Number of protein chains: 2
Amino acid sequence: MISIIPNRAPVMQEVLYCPQCAHRLHQAIPDGDHAERSVCSQCDYIHYLNPKLVAGCIVEYQEKILLCRRAIEPRHGFWTVPAGYMENGETTAQCAAREAYEEAEARVDDLVLFASYSLPHISQVYLLYRGTLRDGAHAAGSESLETRLLHAEDIPWQDLAFFVVADALQRYLQDRQRGHFAHYDAVVEHDAQHQARLVSYSRVG
Amino acid sequence: MISIIPNRAPVMQEVLYCPQCAHRLHQAIPDGDHAERSVCSQCDYIHYLNPKLVAGCIVEYQEKILLCRRAIEPRHGFWTVPAGYMENGETTAQCAAREAYEEAEARVDDLVLFASYSLPHISQVYLLYRGTLRDGAHAAGSESLETRLLHAEDIPWQDLAFFVVADALQRYLQDRQRGHFAHYDAVVEHDAQHQARLVSYSRVG
C-alpha cells in the first residue's frame, strides 16, 4: 500500500497479510489482469492500488479569496485553499464543500469545477472547484491555524503549501480578470530535485 | 472494503485483519479524524476507504465513434466507450489512452477532458476524455467481444452498458453538432428502483 502525503514522495507501506483472512499475501498477475498485485491464495482476495482523489475549492467573497494556514503536516504553517481526500459516498462537489467547512468553517455556494490536476508521482488527482462564500463567515477548523479572506495582491505566493494551489489560484485570477472562467486539465510532475512543475495542460472555455 | 462494480450497488467485503501485521482490526475514530475507520491497535494501521477513479474516452475517426461490446461482467454483451479503473503512477489521460488500447487496440490522440461524473452510490468518479483515433485501426482486446466505429445514427442506445456512457455520448454529439465542445461536471445517482438518473450538472464553455 502507498500512503499518500500531498506533494511528497509516496511512502511505501507493506501490505503483507490478507485483510479478509489474515493469510500471507503473494505477488501474482490475476486472471484477465495485466499487472502484478498482492493476492491471497486462501480466499482469492486481490489488493488493488488506486490513485486518491483530492477535492477542494477556490472560494470568493467580495473579490477576496479564502485561504487557510495549515495546522498539520505536510507543509505546516503554509497557506492553501480548502481541500482534502474524498470519502466514499459523496460527490466531488460535496467533498469540496465539506473540506471548506472542516478547514475554514465556511459555507460555500455555486460550486463549478474549475481545474483537474493529475499528480502521477504521488498517485493523486486533484479536482478544484470555484465558488462563493455564503455569508462572509469563516474561522479556523481543527486542521487550520488561521483563515483569511485576501485580495489578489495580498496572496502570500511564497508561502503557499502546494504547487497545484499556486497554479490554480493564478489561473483563477487571470480568468477573473478577463471576465470568463475556463476549465483546465493539467499534469504536474516532480523533477529530479523533487520540484513540482507543470508538464501539460489543456483548457476548455 | 468495498468492491466496486460499475453501475451496480457496492458489494461489501469484510476487512477484518491488519494488512501490515495480521492483527484483528476494530472500529474507532482516529485522532484528528471525523469518521470511524477500521484501525489496528497493534501497529496503528488505519484502513481508509476512498472513491475509485474511472477514466475513459470518446474516440472519433471520420465522424464515427469507437464503441466496444463488453466481454466481461457487469453488462456483458452491452456497448461502451473504452474506460476503466485508474492505476497508480499514471495520469487520467494516460489511463484513458491505456484503456482504449487494452479494450479496443486503439491508439488515441488529442485527448481533452470532456466530462466528470460523480456516482456517490457506488463511490466512483468518471473522467471521460474526447479524442481522435490515430489511424483508424481498432480490434477487440481481451475485455471486448467486438469493437466498431459507428455513425451517430447507428449507436445502439438501448444496448449501452452504462447510464454515464449514454449521457456523455449524447452531450458529445450535441456539442459536435453545434461545433463547440464544453466541459461537463455531473452527478448520477440511483433511485429506489436502482435506475440511474442525472441529478445535477454544470457546464463550462
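Please refer to the structure placed before this passage.
Presented here is a report on the structure given in the accompanying data block.

Reading guide: rules and limits
Residues numbered from 1 in each chain as written. Chains lettered and ligands numbered in written order. Predicted model: local features only at pLDDT ≥ 70, side-chain atom pairs only at ≥ 80, totals over all residues. Heavy atoms only, no water. Helix = DSSP H or I, 4+ residues; strand = E, 2+ residues; numbered from the N terminus. Contact = heavy atoms within 4.5 Å. Areas by Shrake-Rupley, 256 points an atom, 1.4 Å probe, with all protein chains shown as cover. Lys, Arg positive; Asp, Glu negative; His and termini not counted. Charge placed at Lys NZ, Arg CZ, Asp CG, Glu CD. Buried area = accessible area lost by both parts, 1.4 Å probe. Salt bridge = Lys/Arg side-chain N within 4 Å of Asp/Glu carboxyl O. Polar contact = N/O pair within 3.5 Å; in protein donor to acceptor, adjacent residues only side chain to side chain. Least-squares fit on C-alpha atoms with pLDDT ≥ 70 in both. Core = buried A, V, L, I, M, F, W, Y, C linked by side-chain atoms within 4.5 Å. Buried < 20%, exposed > 50% of the residue type's maximum accessible area, 1.4 Å probe, protein only. Pairing = 2+ DSSP bridges.

What about the overall build of chain A?
In terms of helices and strands, chain A carries 2 helices and 14 strands. Structurally, chain A occupies a C-alpha span of about 60 × 35 × 30 Å along its principal axes. For chain A, contacts bridging at least 24 residues in sequence account for 57% of all contacts bridging at least 6. Element-wise, carbon and sulfur atoms account for 45% of the exposed surface of chain A, whose accessible area totals about 9,100 Å². Here chain A carries 18 positive and 27 negative side-chain charges, and the mean point of each set is 3 Å from the other.

Overview of the interface of chain A and chain B
Taken together, the contact between chain A and chain B spans 51 residues of the former and 51 residues of the latter. Roughly 4,000 Å² is buried in total at the junction of chain A and chain B, and carbon and sulfur atoms are behind 55% of that figure. Interface area lost by chain A to chain B is led by P19, N88 and V204 of chain A, which between them contribute 15%. Our count for the chain A to chain B interface comes out at 2 salt bridges. Where chain A touches chain B, the interface holds 18 residue pairs in polar contact (both at pLDDT 80 or more).

Considering the relation of the copies chain A and chain B
Rotating chain A by 180 degrees and translating it 0.0 Å along the rotation axis places it on chain B, where the RMSD comes to 0.0 Å. Here the two chains are linked by the operation of a two-fold rotation axis. Relative to the rotation axis, the C-alpha of G205 of chain A is the closest in chain A, positioned 1.9 Å from it. When the interface residues of chain A are mapped onto chain B, 100% of them again lie at the interface, so the same face is used by both copies.

Focus: the nonpolar core
In terms of nonpolar packing, the biggest core is built from 38 residues, with L53 and V125 of chain A together with L53, A106 and V125 of chain B touching the most fellow members. Setting aside chain neighbours within four positions, we find L53 of chain A in contact with G84, Y85, M86, V125 and L127 of chain A together with L53 and V125 of chain B. L119, L150, A161 and A182 of chain B belong to the second largest nonpolar core, which has 32 residues in total.

Examining the sheet that holds strand β3 (residues 26-28) of chain B
All names here are of chain B. Within the open sheet, the 3 strands sit side by side as β3-β4-β5. Their pairing is antiparallel. Each end of this open sheet is capped by a strand with a single partner; those strands are β3 and β5 (46-47). Note: β3 against strand β4 (residues 37-39), 3 bridges, orientation antiparallel. Paired with Q27 across the strands is S38, a residue of β4.

Some details on the sheet that holds strand β5 (residues 46-47) of chain A
Residues and elements named next belong to chain A. Taken in spatial order, the 3 strands of this open sheet run β3-β4-β5, and their pairing is antiparallel. Two strands in the sheet have a free side with no partner beyond their single neighbour: β3 (26-28) and β5. Note that strand β4 (residues 37-39) and β5 share 2 bridges and pair antiparallel. By the bridge assignment, V39 is partnered in β5 with I46.

A short note on the pattern of salt bridges
Enumeration over the complete set of coordinates arrives at 22 salt bridges over all chains. With its nearest N and O atoms 3.2 Å apart, the salt bridge here joins R176 of chain A to E60 of chain A. Of this pair, R176 of chain A sits in helix α2 (residues 163-178) while E60 of chain A is found in strand β6 (residues 52-61), placing the two residues 116 residues apart along the sequence. A residue is classified by how much of its surface remains accessible, and R176 of chain A, at 25% relative accessible area, is partly exposed. Classification of E60 of chain A as buried rests on a relative accessible area of 15%. The residue R134 of chain B makes a salt bridge to D109 of chain B at a minimum N-O spacing of 3.0 Å. Of this pair, R134 of chain B sits in the loop between β11 (124-133) and β12 (144-150) while D109 of chain B sits in strand β10 (residues 108-119), and the two are 25 residues apart along the sequence.

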